[in-house]
Amino acid sequence: MTDRTYVIDEMISAKAIAARIEALCREIKAEFSDTDKLVVVGLLRGSFVFIADLVRELDLPIEVDFLEASSYGNAMESSREVRILKDLRAAIEGRDVLVVEDIVDTGHTLSHVTRLLQSRNPKRLKSIALLDKPSRREVDFKADWTGFEIPDEFVVGYGIDYAQRNRNLPHIGKVRFTD
Ligand code: IMP
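For every chain, the first residue of the written sequence is number 1, and numbering continues from 1 onward in sequence order. The predicted nature of this model means local features are confined to residues of pLDDT at least 70 and side-chain atom pairs, given and counted, to a pLDDT of 80 or more, with totals for whole chains, interfaces and linings taken over all residues. Side-chain metrics in this entry use all non-hydrogen atoms of the structure; hydrogen atoms and water are not considered.

Caption draft 1: Quick look at the overall build of the protein. Each helix is a run of DSSP H or I of at least 4 residues and each strand a run of E of at least 2, with the numbering of both proceeding from the N terminus. Of regular secondary structure, the protein possesses three helices and nine strands. Helices and strands in the protein line up, N terminus first, as β-α-β-α-β-β-β-α-β-β-β-β. At 16 Å, the protein has a C-alpha radius of gyration in line with the 16 Å of a compact globule built from 179 residues. For the protein, the C-alpha atoms occupy an extent of roughly 55 × 35 × 25 Å along the three principal directions. Restricting the calculation to C-alpha atoms gives the radius of gyration, and the globule rule supplies 2.2 Å times the number of residues raised to the power 0.38.

Written out as structure tokens, the structure reads:
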């Protein structure tokens, strides 16, 4: 837990997020229009709000699964070593898969996870991230769809936490320390 004091300044409103998800889902539906069933894989825990809104806009046959990879822990620095803490329930060989992430920061997490899932021979594997901080990138990786590109700020809300707090904020806000 952090005991620093901070305030949260709104960066992306709940309304803007909803509008962007609608537009993204039109593109995803076009890409997977012929699917018999799309496995939507949420990366825990930060994507849980995003995936909930996303699947309700996707009128395709879907299945939801989750995967947990280690990331920041309780600190604000990303770790370069990615570990799988919880794997998928479903086998994805020969299936259509969409991986859903909250933020691509250094890129280590999503590039590791997509490489891992690709090695299981899915039919099609695509990825989507709500937020992208391109200026922080350490590995060459871009999600197939991105909600918003943001500057190098630490953000919370809409499922995203700072030391496990603020996930329930309906919008994306940036953390500003006041101490
Ligand atoms: P990456 O491996 O550096 O791309 O890190 C991705 C993960 O770091 C995300 O899934 C988040 O869990 C976490 N993360 C990156 N930036 C932020 C942030 O601004 N706020 C909270 N978590 C973040």
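Caption draft 2: Broad picture of the site of the ligand. In this text, near means that some heavy atom of the residue lies within 4 Å of the molecule or strand in question. Close to the ligand lie 18 residues, the nearest being Asp102, Thr106, Thr109, Lys133 and Val155. What qualifies as a polar contact is a pair of N or O atoms within 3.5 Å, subject to a donor-acceptor requirement within protein and to the restriction that residues adjacent in sequence count only when both atoms come from side chains. One nitrogen or oxygen atom from the main chain of Gly107 is found 2.8 Å from an oxygen atom belonging to the ligand. Within the backbone of Val155, an N or O atom sits 2.7 Å from a nitrogen atom of the ligand. Per-residue and other accessible areas were derived by the Shrake-Rupley procedure at a 1.4 Å probe size, with only the shown protein chains allowed to occlude residues. The protein chains hide 95% of the 490 Å² of surface that the ligand would expose on its own. Every element with two or more residues in the shell around the ligand is listed here: β5 (96-104) and α3 (108-118). At four residues, β5 tops the list of elements feeding residues into the shell around the ligand. A breakdown of the residues in the shell around the ligand according to their chemical character gives six nonpolar, six polar and six charged. Classes in brief: Ala, Val, Leu, Ile, Met, Phe, Trp, Tyr, Cys and Pro nonpolar; Asp, Glu, Lys and Arg charged; the others, Gly included, polar.

Caption draft 3: Main features of helix α2 (residues 48-57). For α2, the full list of buried residues reads Phe50, Ile51, Leu54 and Val55. All buried residues of α2 fall inside an arc of 120° around its axis, so they share one side. Contact criterion: two residues are considered in contact whenever any of their non-hydrogen atoms come within 4.5 Å of each other. Residues of α2 that are buried make contact with α1 (14-31), β2 (38-44), β3 (62-69), β5 and β6 (124-132). Only protein chains enter the accessibility calculation, which uses a 1.4 Å probe. A residue is then buried if its area is under 20% of the maximum for its type, exposed if over 50%, and partly exposed in between. This arc describes the spread of directions from the helix axis toward the C-beta atoms.

Caption draft 4: Looking closely at the sheet that holds β2. We call two strands paired when DSSP finds no fewer than two bridges between them. One open sheet holds the six strands; their spatial order is β4-β3-β2-β5-β6-β7, and the pairing between them is mixed. Of all the strands in the sheet, the pair left with one neighbour each is β4 (84-86) and β7 (145-149). Along the sheet, successive strands turn relative to each other by an average axial angle of 25°, direction set aside. In terms of strand pairing, β5 meets β6 through eight bridges, oriented parallel. Note on β6: the bridge partner recorded for Val97 is Leu125. Taken strand by strand, α3 contacts β2, β3, β4, β5 and β6, and its axis lies near 170° from that of β5. Each axis is a line fitted through C-alpha atoms, taken for helices only over the stretch in contact, and angles between the N-to-C directions span 0 to 180 degrees.

All we've got here are geometric facts, nothing functional implied.
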